[in-house]
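Observations on the three-dimensional arrangement
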Amino acid sequence: MTKLECENKNELKAQCNHCKTIFSAKSSSGTSHLRRHLNSCLKKVNKDITQYTIATQPSPEGFPSIKNYKFDADECRQAISTFLVCGKHSFRTVEEPGFRYMMRIASPNFKNISRQTATRDVLKYYAKERDHVKEELGKAPGLICLTSDNWNSEHTNDEYICVTAHWVDKDWKLQKRIIRFRALFPPYDGLHIADELVLCLSQWGIDKKIFSITLDNASYNDVMVSCLKNRFRANRAILCDVKAGLELADDVVCKIRNGIRYIKKSGVRRKRFYDVADKSFHLNVTKKLRQDVCVRWNSTYLMLESSLYYKDVLDYWGQRDKDYQMFALSSEEWRNVAILCKFLKVFYDVTCVFLVLIIQRLIFILEVFGRFTSSWLI
């Protein structure tokens, strides 16, 4: 209300700020009628502080600002879709009385949806996110690395494939997205799995941006890799055939592996070998010959490194042991071993650095946990 001045000083009037109605405001009349009007004025706009929220961004003065709350139905539906997918809930959850009661309390403006609507929402938001990831993959400044894994469900006996893309974005941040997750149809052989992977790359538009594909040591992956290499060569999409280069060294690696096995198989022969290395070549025999596990490249690197250390002794042994001569290496083969060892050393050193960082982080976590446990016990 606004107090109005009147010609008659004994008379007092008040005007409603909303509808401009004028009322008597004499002290003898009281103020109850004014209060009743304010409570029922049709043009009054109520500003309920409960409909305001604290803004996440501070005002220019540095203080949190208050902004009007506005219900967003699309954002709420997207949050429900995320809830259903991340929690592996049934779409029927949105029709349960408890869920609807919760949503009614959380937001009275929310309109209930059916399980069919929830299904459509999940597919719609998936398509939106898929297009966003596809755009990110297309803008990737470098090449993309893939990891693929297959496994069998112990409950349904179905075979599944999961393909994950890894790349570095323009801000030098490592990104990782699952681009394929689905059940496979029999037969579950390398040829059909290769077709599945080629289809996946084509759908995402990255069939010419692949740098590497990492797989496990399942036998069908050998067939799949051969098939993929032929298709990449046909499309000129393969960057460099590293695996083919390693295959060229397979004979040399096998010679070293079998030769070391031959020497270490006999205790007498092994002792004599290290005696020769110590007395004739003055090597530190505390560093031993290493045997590898053929499916673990890091152990193969350690084996090659130890063989290069004992190169002169192995050549000497090959000249005097007729049974070992079939494992002896030529000068050219030793040069190839040195090149291969230098190539693998880069990966081995990087792996060791990451391993040290992980161990340091685990030690830190254990120390923090230990201090917390000690203080809690005290």
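Parameters at a glance
Residues numbered from 1 in each chain as written. Predicted model: local features only at pLDDT ≥ 70, side-chain atom pairs only at ≥ 80, totals over all residues. Heavy atoms only, no water. Helix = DSSP H or I, 4+ residues; strand = E, 2+ residues; numbered from the N terminus. Expected span 1.5 Å × (residues − 1). Buried < 20%, exposed > 50% of the residue type's maximum accessible area, 1.4 Å probe, protein only. Arc of directions from axis to C-beta. Contact = heavy atoms within 4.5 Å. 1 Å grid on protein atoms, 1.4 Å probe; cavity = no way out; pocket = protein on both sides within 12 Å on 5 of 7 lines; lining within 4 Å. Points joined across faces, edges and corners; volume = space filled by probe spheres on them. Pairing = 2+ DSSP bridges. Axes fitted to C-alpha atoms, helices over the stretch in contact; angles between N-to-C directions.

- Looking at an unreviewed UniProt entry, one finds the protein named Zinc finger BED domain-containing protein DAYSLEEPER-like, with Gossypium hirsutum as its source organism.

1. Notes on helix α9 (residues 267-279)
- The end-to-end C-alpha distance of α9 is 18 Å, a good match for the 18 Å that 13 residues give at a rise of 1.5 Å each.
- Burial in α9 covers these residues: F273, Y274, V276 and A277. Taken around the axis of α9, the buried residues stretch over an arc of 155°, which confines them to a single face. The exposed residues of α9 that point more than 90 degrees off its buried face are V268, K271, R272 and K279.
- The elements touched by buried residues of α9 are α8 (250-265) and α11 (311-320).

2. Some thoughts on empty space enclosed by the protein
- Using the criterion set out here, one finds two cavities of 30 Å³ or more in the structure.
- Volume-wise, the largest cavity comes out at about 40 Å³.
- Lining the largest cavity are I256, L314, D315, Y324, F327, A328, L329 and W334.
- Of the pockets and cavities examined, the second largest cavity occupies roughly 30 Å³.
- Lining the second largest cavity we find S148, D149, N150, I193, L215, D216, Y220, N221 and M224.
- Breaking the lining of the second largest cavity down by element, the ones donating at least two residues are β6 (144-152) and α6 (219-234).

3. What to know about the sheet that holds strand β7 (residues 159-168)
- Ordered by their spatial adjacency, four strands build an open sheet running β8-β7-β6-β9, and the pairing between neighbours is mixed. Either end of the sheet is taken by a strand with one partner, and the two such strands are β8 (174-183) and β9 (210-214). When the angles between neighbouring strand axes are averaged without regard to direction, this sheet yields 20°.
- Bridging between β7 and β8 involves nine bridges; their strand directions are antiparallel. Among the inter-strand pairings, W167 is bridged to a residue of β8, identified as Q175.
- Sitting on the sheet, helix α5 (residues 190-204) is in contact with β6, β7, β8 and β9, with an inclination near 130° to β8.

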